[in-house]
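Here is how the chains run, residue by residue.
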Amino acid sequence: VQQTLSIIKPNAVAKNAIGAICERFEKAGLRIVAARMSHLTREQATAFYAVHQGKPFFDELVGFMTSGPVLAMALEGEDAIALNREIMGATNPAQAAPGTIRADFADSFTENAVHGSDAPDTAATEIAFFFPEGVCP
Ligand code: ATP
Ligand code: MG
């Protein structure tokens, strides 16, 4: 089994969609093995998205990710990284397939409702970022 980091972003938390989104994960067979609400500081959001520093959307992304609380979760399951990205849908919600989380809960390219790790190495780094004490065994 594999683990991935999911973040329910501030726009989805603000519209009370935590339950609906977690239900999608659970129905897809992903198990929530860690969860934490947090309101990121600019320093934390900048560190988390360091790979995007210098890109034209970076300041807007950090502003958005610090605009309200998020729910970070470690999700576990068979092929969890790819499965999570499949049910999230495309980054740009205009291109997200019908029935995906972003198709249903995104408000814009930046405010696209969820984050999901993109590879095993980033999943490990991102899970450690939010859960330095580790996840449930
Ligand atoms: P995430 O990393 O949040 O799971 P992703 O891997 O699908 O999303 P990335 O390319 O890693 O997409 O971009 C990180 C985030 O930055 C996106 O989820 C989105 O919120 C924002 N973003 C990316 N590209 C753009 C863009 N062209 N315009 C506006 N916002 C963008
Ligand atoms: Mg990404």
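In case you missed it, the structure is sitting above this.
Residues numbered from 1 in each chain as written. Chains lettered and ligands numbered in written order. Predicted model: local features only at pLDDT ≥ 70, side-chain atom pairs only at ≥ 80, totals over all residues. Heavy atoms only, no water.

Q: Looking at this structure, how should I read the pattern of salt bridges?
A: Side chains bearing opposite charge may pair, as long as their charged atoms lie close to each other. Taken as a whole and assessed by the stated rule, the structure comprises three salt bridges. Here Lys27 makes a salt bridge to Glu23, at a shortest N to O gap of 2.8 Å. Highlighted residues: Lys27 and Glu23, both in helix H2 (residues 18-27), separated by four residues, approximately one helical turn. Classification of Lys27 as exposed rests on a relative accessible area of 67%. Judged by relative accessible area, Glu23 falls into the partly exposed class, the value being 41%. With a shortest N-O distance of 2.8 Å, Asp104 and Arg24 are connected by a salt bridge. Residue Asp104 is found in helix H6 (residues 101-105), and its partner Arg24 is found in helix H2; the two are separated by 80 residues along the sequence. In this structure Asp104 comes out as partly exposed when scored by relative accessible area, which is 39%. (Salt bridge = Lys/Arg side-chain N within 4 Å of Asp/Glu carboxyl O. Helix = DSSP H or I, 4+ residues; strand = E, 2+ residues; numbered from the N terminus. Buried < 20%, exposed > 50% of the residue type's maximum accessible area, 1.4 Å probe, protein only.)

Q: Explain unusual backbone geometry here, please?
A: Note on backbone geometry: most residues besides glycine have negative phi, and most peptide bonds are trans. Although it is not a glycine, Asp79 sits at a positive phi angle of roughly 55°. Examined against the element boundaries, Asp79 turns out to sit in the loop between strand E3 (70-77) and helix H5 (80-88). For Ala113, which is not glycine, the phi torsion reads 80° and is therefore positive. With a relative accessible area of 0%, Ala113 lands in the buried category.

Q: Sorry if this is basic, but what is going on with the site of ligand 1 here?
A: Looking at ligand 1, there are 14 residues lining it, with His52, Thr91, Thr110, Asn112 and Gly116 nearest. A distance of 2.9 Å separates an oxygen atom of ligand 1 from a polar side-chain atom of His52. A total of 570 Å² of accessible area belongs to ligand 1 in isolation, and the protein chains cover 81% of it. Comparing atom positions with the cavity grids shows ligand 1 to sit within the largest pocket. For the shell around ligand 1, the secondary structure elements donating two or more residues are H5 and strand E4 (114-116). Its residues assigned to classes, the shell around ligand 1 shows five nonpolar, six polar and three charged. (Near = heavy atom within 4 Å. Polar contact = N/O pair within 3.5 Å; in protein donor to acceptor, adjacent residues only side chain to side chain. Areas by Shrake-Rupley, 256 points an atom, 1.4 Å probe, with all protein chains shown as cover. 1 Å grid on protein atoms, 1.4 Å probe; cavity = no way out; pocket = protein on both sides within 12 Å on 5 of 7 lines; lining within 4 Å. Sits in = over half its atoms within 2 Å of the grid points. Nonpolar A, V, L, I, M, F, W, Y, C, P; charged D, E, K, R; others polar.)

Q: Got a minute to help me understand the pairing of E3 in this structure?
A: Regular strands show a simple pattern: their side chains alternate between the two faces of the sheet. Of all the eight residues making up E3, seven are buried; the element is thus mostly covered by neighbouring parts of the structure. By the bridge criterion, seven bridges tie strand E1 (residues 2-8) to E3 in an arrangement that is antiparallel. Counted as the bridge partner of Ser6 is Met73 from E3. Bridge analysis of strand E2 (residues 31-38) against E3 gives seven bridges, and the strand direction is antiparallel. The residue bridging Ala35 from the neighbouring strand is Met73, located in E3. (Pairing = 2+ DSSP bridges.)

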